[in-house]
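Results of the structural survey
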Amino acid sequence: MLKKITLACALLLSPLTHAANLQISVEIPKLNVAEYHAPYTAVWLESAAEGDKKFTKTLAIWYADKKREGGGEKWLKDLRQWWRRDGRNLTMPVDGVSGATKLAGVHQLSFTQGAEPLGTLAKGNYVLFVEIAREDGGREVVKVPFAWPVEKATSLSANGTTEVGVVTLELNP
Amino acid sequence: MKKFIQCAFFSTTMILAGVAHAHSMWLLPSDTSKGAKGGWVTFDLALSTEFFTFDSGSPKMGPIQIIAPDATATEVQNAFEGKLRTSFDVEMNQQGTYKVFVASSGLNARWETEEGKRGFWPARGAKADPADFATAVPKNAKNLEVTQTSRRVETFVTVGATSKGALKPTNQGLELVPVTHPNDLAASEPSEFIFLIDGKPAAGAKIEVVEGGSRYRLSPGEQHYETDKNGHVKIQWKKTGMFWLGAEYKDNKATKPATIRSGTYSATFEVLAE
């Protein structure tokens, strides 16, 4: 119990202490299914531009990264939209971006302008994508459009319906 | 009796010619996009009236060819030639795009003799040897029509990131040159291709696009397109799924002794969401 409270405090305090420019929370819903496997998750940004001018940046990728001989990479393509937009161009693992699959719950990610993996985000219109694909389950993509930079702290969110829970994006100048 | 046999033989070829139009050939891969480590992909080559069901036969169209991302040839493995399909496996370990295809070309002639009988060459099932043309076709043949044909059936598979090294045209027959990469097609975006006939833009080629699973729809739901003067066509897929694209082209710019040049092309594409 004490541990839970400490964790909750840490979560509450973290935006204040770090003042991340992009604070993202991704909810992986708890599902009551016969066979549950922790889902593969991709979190990435795309510019709202068209064609060749389109910018993509993968911020987080959670997959079965501990499998022998990179066996878990085989299924990354099931994050179909991410795979087409950016995944197929990346070599796993990606330092500071890829990691193990996560269980149901709310997971926090924070990114700072000018620091990897975000880099320096140019002024413009973007979309935050969260895609989740689950073995023996479904696939869902949730989008949060936003403009960068912001003048004051801004909070945006979008809800998934099946595989993705609530996605929130807090933007800080 | 001889006359009867000739007659029967001719009508059979006529029927087959008609059927060949309704039947389409395709190469279906088990995957069009593989993770960066690559691996095995299995393929079916078949002839059918619906996509992608095995209902008519296993086409006999010469060797299956594979061009790897580095533009070298790769071997097929575990090839099996069944009654309704030909299946084979390919181990894909190079990063980039593979092209898998069968292609053939030929020459055929039809005419009428002075007595009004129809003649044709080569005999059904035989391959025309251009060297035989002069002796096989009578000098006094009337309404002689000599067609040079080309046929190509292909599909594409990418390991990791897409590449274009294997996609260069051979400049023989009717071919597709991708503007949009064939393993980067999306339902929400139009795809652009250029068709070439013997390396030159194939203007006015007829294109047909049909989504897989036609057995379970009330109508085939095909879309029709035509290439512009540059051989260019823009396809709007509308849905995700496996699609068959067929193209036909005909003109009179044939190489002698042919008077008609015709080409058919087909490819299987996977269309992704967004």
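What you see is a predicted model, and the numbers here were worked out from it, not measured in a lab.

This brings us to the overall build of chain A. For chain A, the helix and strand inventory stands at two helices and nine strands. Along chain A, helices and strands appear, N-terminal first, in the series α-β-β-β-α-β-β-β-β-β-β. When the 173 residues of chain A are sorted by exposure, 28% land in the buried category.

Residues and elements named next belong to chain B. We note that the domain assignment places domain 1 (23–106 + 147–272) and domain 2 (112–146) within chain B. Here the C-alpha centroids of domain 1 and domain 2 sit 32 Å apart. Contact with domain 1, which involves six residues of that partner, is made by five residues of domain 2. Partitioned by chemical class, the residues of the side of domain 1 that touches domain 2 number three nonpolar, three polar and no charged.

The next thing to look at is the sheet that holds strand E3 (residues 39–48) of chain B. Strands in a sheet are paired, the pairing made by backbone hydrogen bonds, and the direction either parallel or antiparallel. Residue and element names in this part refer to chain B. Spatially, E1-E3-E7-E6 is the arrangement adopted by the four strands of the open sheet, whose pairing is antiparallel. This sheet does not close on itself; its edge strands, each paired only once, are strand E1 (24–29) and strand E6 (77–81). Strand-to-strand twist of the sheet, defined as the mean angle between neighbouring strand axes without regard to direction, takes the value 15 degrees. Here E1 runs beside E3; their pairing, made up of six bridges, is antiparallel. Bridge pairing links Ser24 to Ser48 in E3.

Residue and element names in this part refer to chain A. Sheet architecture is open: five strands sit in the order E4-E3-E2-E6-E7, paired in mixed fashion. Of all strands in the sheet, those bounded by a partner on one side alone are strand E4 (98–100) and strand E7 (139–148). Strand-to-strand twist in this sheet, taken as the mean axis angle between neighbours without regard to direction, amounts to 15 degrees. Pairing of strand E3 (residues 56–63) with E4, which is carried by three bridges, proceeds in the parallel orientation. Note on E4: the bridge partner recorded for Ile61 is Ser98.

Chain-level statistics for chain A give a pLDDT mean of 89 and a share of 89% at 70 or above. Predicted confidence is poor over residues 13–17 of chain A, with pLDDT under 50, and the contacts of this stretch with residues over four places away or in other chains come to four contacts.

Each side of the interface is counted separately: chain A has 12 residues, and chain B has 11 residues. Class assignment of the residues belonging to the side of chain A that touches chain B gives a composition of two nonpolar, four polar and six charged.

All names here are of chain A. Take Glu46: it is sitting in strand E2 (residues 40–47). Between the alpha carbons of Glu46 and Ile132 there is a distance of 17 Å; along the sequence they are 86 residues apart. Among all residues touching Glu46, those that are not within four sequence positions of it are Lys54, Phe55, Thr56, Arg85, Tyr126, Val127 and Phe129.

When a protein is soluble and globular, its nonpolar side chains tend to lie buried together. Core analysis: the biggest nonpolar cluster contains 50 residues, and Trp26(B), Tyr98(B) and Phe195(B) have the highest contact counts within it. Leave out the neighbours within four places in its chain, and Trp26(B) touches Ala46(B), Phe51(B), Phe52(B), Val153(B), Trp244(B), Ser266(B) and Thr268(B). Among the nonpolar cores identified, the runner-up in size contains 30 residues, and Ala20(A), Leu22(A), Val26(A) and Leu128(A) belong to it.

Right, let's talk about the pairing of strand E19 (residues 260–272) of chain B for a bit. All names here are of chain B. Along E19, 11 of the 13 residues are buried, which leaves the element largely enclosed by surrounding structure. Sheet topology places strand E10 (residues 142–159) next to E19; nine bridges connect them, and they run parallel. When the bridges of E19 are listed, Thr149 appears paired with Ser262. As judged from the 11 bridges shared by strand E18 (residues 241–251) and E19, these two strands associate in the antiparallel manner. Bridge pairing in E19 links Glu248 to Thr264.

About the thresholds
- Residues numbered from 1 in each chain as written.
- Chains lettered and ligands numbered in written order.
- Predicted model: local features only at pLDDT ≥ 70, side-chain atom pairs only at ≥ 80, totals over all residues.
- Helix = DSSP H or I, 4+ residues; strand = E, 2+ residues; numbered from the N terminus.
- Buried ≥ 20, exposed ≤ 12 C-beta atoms within 10 Å, placed from the backbone.
- Domains from an automatic or database assignment.
- Contact = placed C-beta atoms within 7 Å.
- Nonpolar A, V, L, I, M, F, W, Y, C, P; charged D, E, K, R; others polar.
- Pairing = 2+ DSSP bridges.
- Axes fitted to C-alpha atoms, helices over the stretch in contact; angles between N-to-C directions.
- pLDDT = per-residue confidence, 0-100.
- Core = buried A, V, L, I, M, F, W, Y, C linked by C-beta atoms within 7 Å.

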